[in-house]
2 protein chains.
Amino acid sequence: MDQLPKRASNYVPLSPVGFLPRANAVYGDRTSVVYGRVRFTWSQTYARCRRLASSLLALGVRNNDVVSVLAPNVPAMYEMHFAVPMAGAVLNTINTRLDAKAVAGILRHSEAKLFFVDYQYVRLASDALQLVADEGKPVPLVAVIDDIDMPTGVRLGELEYEELVARGHPAVELPQLTDEWDAVTLNYTSGTTSAPKGVVYSHRGAYLSTMSLLMSWGVGNEPVYLWTLPMFHCNGWTFTWGMAARGGVNVCIREARAADIYRAIARHGVTHLCCAPVVFNILLEGDAAATQLAAPVHVLTGGAPPPAALLERVERIGFRVTHAYGLTEATGPALACEWREQWDRLPLPERARLKARQGVSVLSLADADVKDAKTMASVPRDGKTIGEIVLRGSSIMKGYLKNPAANNDAFKGEWFLTGDVGVVHTDGYIEIKDRSKDVIISGGENICSKEVEEVLFNHPAVADVAVVAMPHPHWGETPCAFVVAKDRAAGVCEDDVIAFCRKHMPRFMVPKKVVVYDVIPRNGNGKVEKNMLREAASKLAPEQKTKVNKTTNTTTVGGRRGEHPVAHVMAVSRL
Amino acid sequence: MDQLPKRASNYVPLSPVGFLPRANAVYGDRTSVVYGRVRFTWSQTYARCRRLASSLLALGVRNNDVVSVLAPNVPAMYEMHFAVPMAGAVLNTINTRLDAKAVAGILRHSEAKLFFVDYQYVRLASDALQLVADEGKPVPLVAVIDDIDMPTGVRLGELEYEELVARGHPAVELPQLTDEWDAVTLNYTSGTTSAPKGVVYSHRGAYLSTMSLLMSWGVGNEPVYLWTLPMFHCNGWTFTWGMAARGGVNVCIREARAADIYRAIARHGVTHLCCAPVVFNILLEGDAAATQLAAPVHVLTGGAPPPAALLERVERIGFRVTHAYGLTEATGPALACEWREQWDRLPLPERARLKARQGVSVLSLADADVKDAKTMASVPRDGKTIGEIVLRGSSIMKGYLKNPAANNDAFKGEWFLTGDVGVVHTDGYIEIKDRSKDVIISGGENICSKEVEEVLFNHPAVADVAVVAMPHPHWGETPCAFVVAKDRAAGVCEDDVIAFCRKHMPRFMVPKKVVVYDVIPRNGNGKVEKNMLREAASKLAPEQKTKVNKTTNTTTVGGRRGEHPVAHVMAVSRL
């Protein structure tokens with residue numbers, strides 16, 4: 001075979017940013033972004049991004065500099081997904097639900113050079129900046145994003161987003177990407193269980209993820225995409241770039257409120273939206289359940305599977321739900337529950353059961369598997385044997401920023417370890433069972449806390465629930481349930497709950513302790529603060545003289561957990 | 001930014017061959033290939049490919065060795081698209097319509113180590129092998145592919161495909177791909193106008209093309225794909241690999257005959273097929289035009305746009321046609337006419353006009369443009385100004401095998417030159433007008449031979465037509481038309497044709513000569529042998545004392561053509 005060289009014409013670095021110039025060329029006259037009374041075409045979006053990129057260069061932003069942003073789903077947030085990398089810089093989107101301390105931590109760790117702040121978050125940002133300054137650390141340059149539809153005049157320093165766009169020039173030459181392995185964005189994990197980690201995506205990984213998620217979800221030509229999922233979650237599961245690839249319409253709203261969602265669907269003919277399952281409850285608020293969408297809206301959801309009854313109600317309105325599983329570290333969804341036509345003929349509960357599975361690997365992954373973490377052997381396809389979900393492929397992050405320990409724990413030879421445990425069904429579809437750290441090992445048996453929780457959710461007096469491990473002198477660990485009463489006055493009776501559990505689950509899974517709380521503690525992303533509950537449970541534990549050495553436990557998950565420091569199993573965070 | 005290293009877990013070489021192990025894992029129980037009474041699942045196809053790959057290794061096939069195959073669309077041909085690269089080798093599919101001399105030329109040039117021959121082509125293959133042997137060149141090892149459904153016993157030497165599959169072992173360790181730039185296949189151009197050139201695809205390019213063609217055509221989950229397009233054309237426009245990516249069904253048939261096509265559609269619920277426009281005539285044979293498909297069948301077609309009337313008849317049966325443009329050098333389709341919903345409301349002739357355009361670049365291309373070949377400036381988007389179509393992106397071939405001159409001509413800085421000329425419409429959609437070498441330069445005016453041909457096709461007495469340049473002492477060149485009469489007895493009158501042209505085109509475009517032929521010479525791919533016609537035309541040219549120096553011509557295409565050797569403009573071949 002000839003040693004044919006790579007050329008500028010046949011080896012172009014893969015980058016999702018390249019979808020924008022293409023959109024300008026081939027979808028130029030189509031609508032790109034809608035927000036309130038503001039509407040742009042793809043040509044305008046391209047010109048605006050080029051203008052902003054040239055302004056960033058003029059401000060001194062250089063290759064690999066980090067540009068942070070704290071903003072909801074407004075047009076500026078969308079544009080920065082292209083403009084920042086077009087200036088050679090790395091976009092760091094910050095979760096707007098964090099507190100000042102967490103924001104300051106990210107600004108410090110990322111060494112952000114420039115910090116864009118939506119006018120709504122000026123207070124949070126200035127508190128965070130103060131914390132950075134107090135430590136004597138360098139403070140980034142700040143630019144406010146005023147509301148583009150209804151300017152408020154709120155400022156934090158000199159710079160404003162629209163002024164930077166206006167001041168820039170679309171014809172300025174921008175740096176060329178020469179290496180597709182270069183960083184494109186930096187996304188911090190939510191840090192439920194450990195310090196947030198900075199997840200770095202390469203241009204290559206983001207390009208491949210964008211392509212394969214459009215495929216897995218079957219997004220066709222001319223989608224109208226509603227931004228309910230925050231763009232700061234894995235860059236909107238890559239659909240920021242994906243809409244440019246398909247010449248779609250980005251319908252931007254500040255908040256995912258039911259009224260705004262239904263108004264946007266009706267006004268703009270929304271075809272697609274992504275959301276956490278918690279948004280399903282929002283969609284069903286008030287008399288929404290009685291409405292009927294004029295045309296089906298495709299919904300991609302991640303995280304915990306919605307209960308069948310909820311799914312049924314949402315689908316009856318006209319939403320078509322696809323379930324996915326992903327992690328920040330996998331550039332968003334890594335598994336998606338590809339629907340099979342033959343399942344259409346099944347009764348709804350069966351359909352919901354199949355749909356609740358997280359599914360099969362997206363096309364950018366070379367492989368996804370569930371493995372015995374000790375032997376790294378694949379578990380049998382029996383829908384029962386649990387193991388750790390492991391992934392491999394070019395859409396996995398470059399790594400954690402400045403965190404070699406976390407990188408060493410997360411990457412193991414050919415595999416990236418997700419820290420989630422699951423099973424493989426006979427048809428090859430994977431179902432998540434738990435975080436590996438949330439598995440309870442009781443007398444050598446692995447108990448998925450999620451399974452116990454699912455049963456408890458069916459208890460008529462229980463509104464909310466979380467189950468964690470409680471140390472136990474005999475069993476090593478045993479489940480401890482925290483429950484919230486539907487009717488606070490009536491409360492919940494511990495014995496009644498335990499009796500209910502005995503009826504609906506194997507004896508070894510039944511919680512030995514039930515604690516009634518007013519509310520289950522959750523973080524800004526709606527994730528249960530299980531570390532906090534584990535601490536509470538350990539104080540409730542029966543008299544315990546010596547700590548059981550868990551490394552003696554020979555079961556799959558426990559064994560692995562025993563061998564690795566706790567830092568390991570925190571190395572991943574779900575969507 | 002951290003210098004995060006590439007790891008085995010997050011940097012996996014891109015390869016379309018990887019879609020097969022994934023299909024085994026996630027679509028294992030679904031049908032992969034159907035042929036006559038033979039039916040395989042994806043698990044079986046995977047196991048068979050692994051077996052064959054191990055047998056290839058046992059036969060001594062090594063990394064980068066070329067394995068040639070001469071076969072129609074049978075299961076073996078499909079499997080070899082995976083099994084050959086799985087053994088580290090390069091698959092070379094040979095057009096079954098070539099003669100022994102051309103086949104021998106390919107075997108020699110590619111230095112094939114192993115040569116698989118379908119039983120139907122044993123005669124052609126043995127003639128070709130004899131020619132290779134006669135020259136004293138090394139002769140490849142030969143294996144016959146007997147019919148898997150109805151074995152014939154025909155052999156050519158010792159080896160037989162099914163025996164090699166049976167003899168292999170699915171558990172043998174296969175070589176790992178380490179560089180995505182490695183060659184995966186080798187496809188020879190048809191050589192209408194020059195010696196065939198060996199086009200080398202990389203794993204990377206083929207992977208990206210597969211992904212983006214599935215997207216451009218909107219191929220969803222569970223497609224049922226009918227193999228009407230020969231797999232030896234750009235590896236079936238990458239849908240060989242694409243069906244594994246989507247877990248589709250490959251319906252294999254030996255020949256694209258109307259009866260076989262309609263039977264397959266009815267029996268297997270075909271959803272997609274690709275074909276050259278000439279197959280449209282096959283689809284309309286007999287009383288087919290009166291039939292109605294039970295469900296729509298999506299058709300992707302390339303090459304010359306089908307006339308509106310033909311398109312209308314085919315669509316009325318239930319075929320949904322998408323038009324594309326591609327070249328062997330671009331791994332198949334490079335532009336596809338993405339449909340816009342708003343066009344649905346237009347009258348049919350207008351829809352046909354829009355649909356006949358070749359469209360917008362597929363997502364694996366970084367850019368596609370139409371440029372003044374002299375200045376390399378983009379032509380205005382006026383639908384009129386012609387220029388050369390140029391492409392750039394990672395789905396462009398690695399290059400021509402052992403042909404530095406052709407590589408130098410085809411690659412120009414950032415661009416790959418297609419040798420086709422076209423226009424860009426105001427909406428950014430590209431329309432091909434001609435091969436640049438088929439443009440006729442008459443008195444400084446560019447005449448697209450296709451435009452003249454289109455007018456002549458409307459002449460009531462003309463059945464077929466081809467227009468080429470004829471040297472002219474005054475104008476430099478002038479069009480010369482070759483026509484075939486609908487009614488051979490009645491014939492066609494030259495003066496009448498010229499008068500018709502004067503009515504329907506600008507004076508300078510009117511052919512100065514009309515020649516009546518019994519048949520227009522076409523090669524095995526149905527492409528007009530324009531070189532042959534040019535030679536005939538030059539003999540008919542008016543008295544010509546001195547040859548006009550074409551480099552003095554200052555128009556776009558002519559000027560460029562003057563600068564480059566003729567070899568250049570032959571550097572591409574359309575699908």
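In this text the structure is predicted, and so the values were computed from the model without any measurement. (Residues numbered from 1 in each chain as written. Chains lettered and ligands numbered in written order. Predicted model: local features only at pLDDT ≥ 70, side-chain atom pairs only at ≥ 80, totals over all residues. Heavy atoms only, no water.)

1. Considering the relation of the copies chain A and chain B
The following threshold applies: All copies are superposed by least squares; the fitting set is the C-alpha atoms of residues with a pLDDT of at least 70 in both. We call two residues in contact whenever any of their non-hydrogen atoms come within 4.5 Å of each other.
Under the fitted operation, chain A is carried onto chain B by 0.0 Å of movement along the axis and a turn of 180°, and the coordinates agree to an RMSD of 0.1 Å. In short, the pair behaves as if placed about a two-fold rotation axis. When the interface residues of chain A are mapped onto chain B, 100% of them again lie at the interface, so the same face is used by both copies.

2. A word on the interface of chain A and chain B
The line we're drawing: When two components associate, each loses some accessible surface as probed by a 1.4 Å sphere; the sum of these losses over both components is called the buried area. What makes a salt bridge here is a side-chain nitrogen of Lys or Arg within 4 Å of a carboxyl oxygen of Asp or Glu, nothing more. For this analysis, a polar contact is any N or O atom pair within 3.5 Å, provided that within protein one partner can donate a hydrogen and the other can accept it, and provided that sequence-adjacent residues contribute only side-chain to side-chain pairs. Think of it this way: any DSSP run of H or I at least four residues long counts as a helix, any run of E at least two long counts as a strand, and we number them from the N terminus. Residues were grouped as follows: Ala, Val, Leu, Ile, Met, Phe, Trp, Tyr, Cys and Pro as nonpolar; Asp, Glu, Lys and Arg as charged; and all remaining residues, including Gly, as polar.
At the interface, 71 residues of chain A touch 71 residues of chain B. Across the chain A/chain B interface, buried area totals approximately 6,000 Å², and carbon plus sulfur atoms make up 52% of it. At the boundary of chain A and chain B, one finds eight salt bridges. As a salt-bridge pair, D29 of chain A and R340 of chain B come within 3.3 Å of each other at their nearest N and O atoms. One can count 38 residue pairs in polar contact (both at pLDDT 80 or more) joining chain A with chain B. Every element with two or more residues in the side of chain A that touches chain B is listed here: α1 (19–26), β8 (183–188), α7 (203–217), α9 (239–246), β16 (360–361), β18 (387–393), β19 (399–400) and β21 (415–424) of chain A. When residues in the side of chain A that touches chain B are grouped by element, the largest group, eight residues, is from α7 of chain A. Each residue belonging to the side of chain A that touches chain B can be placed in one class, and the counts come to 37 nonpolar, 15 polar and 19 charged.

3. Side note on the packing of aromatic side chains
Spelled out, the test is: Note on aromatic pairs: the rings of Phe, Tyr and Trp (six-membered ring only in Trp) are paired at centre separations within 6.5 Å, and the planes decide the class, stacked below 30 degrees, edge-to-face beyond 60, tilted for the rest. Whether a charge lies above a ring is judged from NZ of Lys or CZ of Arg, which has to be within 6 Å of the ring centre and within 35 degrees of the ring normal.
Evaluation of the coordinates by the stated rule reveals 26 aromatic pairs over all chains. Look at F116 of chain A and Y161 of chain A: their rings are 5.8 Å apart centre to centre, the planes differ by 75°, and that puts the pair in the edge-to-face class. In this pair, F116 of chain A is assigned in strand β5 (residues 114–118) and Y161 of chain A in helix α6 (residues 161–167), connecting sequence segments 45 residues apart. What links up through ring pairs into an aromatic cluster is the set W217, Y225, W227 and F239 of chain A. The ring centre of W415 of chain A lies 5.6 Å from the NZ or CZ of R392 of chain A, which sits over that ring. Its guanidinium or amino end placed over the ring of W339 of chain B, K355 of chain B lies 5.0 Å from that ring's centre, counting from NZ or CZ.

4. Quick look at the nonpolar core
Quick reminder of the rule: For the purposes of this section, nonpolar cores are sets of buried Ala, Val, Leu, Ile, Met, Phe, Trp, Tyr and Cys residues that join through side-chain atoms within 4.5 Å. The cut-offs for exposure are 20% and 50% of the maximum accessible area for each residue type, with area from a 1.4 Å probe on protein chains only; residues under the lower value are buried, those over the upper are exposed, and the others partly exposed.
Residues M80, F116 and F239 of chain A together with M80, F116 and F239 of chain B are the most contacted members of the largest nonpolar core, which totals 200 residues. Ignoring any residue separated from it by four or fewer positions in sequence, one finds F116 of chain A in contact with L52, L56, V67, S68, V69, L70, M80, A143, I145, Y161 and L164 of chain A.

5. Comments concerning the environment of D134 of chain B
In this fold, D134 of chain B is placed in helix α5 (residues 122–134). A sequence separation of 14 residues divides D134 of chain B from I148 of chain B, and the C-alpha atoms of the two residues are 32 Å apart.

6. Points about the sheet that holds strand β7 (residues 159–160) of chain B
Residues and elements named next belong to chain B. Put simply, the rule reads: Two strands form a pair only when DSSP identifies at least two bridges running between them.
In spatial order, the strands read β7-β6-β5-β3-β4-β8-β9-β19; together these eight strands make up an open sheet with mixed pairing. Edge positions in the sheet fall to β7 and β19 (399–400), since each has one partner strand and no second. Here two bridges tie strand β6 (residues 141–145) to β7, and the two strands are oriented parallel to one another. Residue pairing in the sheet places A143 in a bridge with L159 of β7.

7. A short note on the pairing of strand β27 (residues 513–516) of chain B
All names here are of chain B. Here is the rule we go by: Convention used here: a crossover is right-handed provided that the path from the first strand, over the helix, to the second strand proceeds clockwise when the strands point away from the viewer.
Of the pairings in the sheet, the one linking strand β26 (residues 476–485) to β27 comprises four bridges and is parallel in character. Considered in β27, the bridge of F482 is made with V515. Handedness of the crossover is the feature at issue here: the chain leaves β26, passes through helix α16 (residues 494–504), returns alongside β27, and the resulting connection is right-handed.

8. Considerations on the sheet that holds β16 of chain A
Residues and elements named next belong to chain A. Pairing is mixed across the open sheet formed by nine strands, whose spatial order is β2-β1-β11-β10-β12-β13-β14-β15-β16. Here the strands that pair on one side only, and so sit at the sheet edges, are β2 (38–41) and β16. Pairing of strand β10 (residues 224–226) with strand β11 (residues 249–251), which is carried by three bridges, proceeds in the parallel orientation. Within the sheet, the bridge partner assigned to Y225 lies in β11 and is N250.

9. Brief notes about the domain arrangement of chain A
Spelled out, the test is: These domain boundaries are the output of an automatic or database domain assignment.
For chain A, the domain assignment lists domain 1 (13–208 + 229–245) and domain 2 (445–547). The distance between the C-alpha centroids of domain 1 of chain A and domain 2 of chain A comes to 41 Å.

10. Things to note about the side chain of D369 of chain B
Along the chain, D369 of chain B falls in strand β17 (residues 365–371). Reaching out from D369 of chain B, the side chain makes a polar contact with the side chain of S378 of chain B at a distance of 2.5 Å.

11. Notes on the confidence of the model for chain A
Residues and elements named next belong to chain A. Selection criterion: pLDDT runs from 0 to 100 and stands for how confident the predictor is about each residue.
Of all residues in chain A, 92% have pLDDT values of 70 or greater, and the mean over the chain is 88. Low pLDDT, under 50, characterises residues 544–575; the predicted model gives this stretch 93 contacts beyond four residues in sequence or across chains. The ipTM for the predicted assembly is 0.85, set against a pTM of 0.85.

12. Let's talk about the pairing of strand β14 (residues 319–327) of chain A
All names here are of chain A. Of all nine residues that make up β14, eight are buried, and the element is covered over most of its length. Examined bridge by bridge, strand β13 (residues 297–301) and β14 share five bridges and lie parallel to one another. Its bridge partner lying in β14, T301 is registered against H323. The pairing of β14 with strand β15 (residues 332–336) spans four bridges and is antiparallel. Residue pairing in the sheet places A324 in a bridge with A336 of β15.

13. Points about the pattern of salt bridges
The tally for this structure, following the rule as stated, stands at 65 salt bridges over all chains. Residue E79 of chain A is joined to R48 of chain A by a salt bridge in which the shortest nitrogen-to-oxygen separation is 2.6 Å. In this pair, E79 of chain A is assigned in helix α3 (residues 75–86) and R48 of chain A in helix α2 (residues 42–58), connecting sequence segments 31 residues apart. Taken individually, E79 of chain A and R48 of chain A each receive the classification buried, so the pair is uniform in this respect. With a shortest N-O distance of 2.7 Å, D118 of chain B and R254 of chain B are connected by a salt bridge. With D118 of chain B in strand β5 (residues 114–118) and R254 of chain B in the loop between β11 (249–251) and α10 (258–268), the pair connects residues that are 136 residues apart, well separated along the chain. R254 of chain B sits in the buried class, given a relative accessible area of 19%. Each of the salt bridges in this network shares a partner with another, and the network as a whole consists of E180 and R204 of chain A together with E180 and R204 of chain B.

14. Brief notes about the environment of N408 of chain A
Residues and elements named next belong to chain A. Along the chain, N408 falls in helix α14 (residues 404–410). The class of N408 is exposed, set by a relative accessible area of 55%. Spatially, the C-alpha atoms of N408 and H268 are 47 Å apart, while their sequence positions differ by 140 residues.

15. What to know about the packing of helix α12 (residues 308–317) of chain A against helix α13 (residues 348–355) of chain A
All names here are of chain A. Here is the rule: Simply put, an axis is a line fit to the C-alpha atoms, just over the touching stretch for a helix, and the angle between two N-to-C directions goes from 0 to 180 degrees. If an angle is under 35 degrees, it is roughly parallel; if it is over 145, roughly antiparallel; if it lies from 65 to 115, roughly perpendicular; otherwise it is oblique.
It is at 9 Å that the axes of α12 and α13 come closest, and there the two elements cross at 105°. By the angle between their axes, α12 is roughly perpendicular relative to α13. Judged by residue contacts, A308, L311, E312 and E315 of α12 engage L348, A352 and K355 from α13. Of the residues contributing to the contact of α12 with α13, the split by class is four nonpolar, no polar and three charged.

16. Quick word on α5 of chain B
Residues and elements named next belong to chain B. For clarity, the threshold we go by: The span one expects for a helix is its residue count, reduced by one, times 1.5 Å. In this context, the arc is that of the directions from the helix axis out to the C-beta atoms.
Between its terminal C-alpha atoms α5 stretches 18 Å, which fits the 18 Å expected from 13 residues at 1.5 Å a residue. Residues of α5 that are buried: V122, L124, A125, A128, L129 and V132. One side of α5 holds all its buried residues, which, seen down the axis, span an arc of 160°. α5 presents R123 and D134 as exposed residues on the side facing more than 90 degrees away from its buried surface. A positive phi of about 80° marks G136, the residue just after α5.

17. A closer look at the packing of α3 of chain A against α9 of chain A
Residues and elements named next belong to chain A. Put simply, α3 and α9 touch, their axes get as near as 10 Å, and they point 80° apart. Here α3 lies roughly perpendicular to α9, going by the angle between them. Two secondary-structure elements touch here, α3 through Y78, H81 and F82 and α9 through T240, W241, M243 and A244. Here the residues of the contact of α3 with α9 sort into five nonpolar, two polar and no charged.

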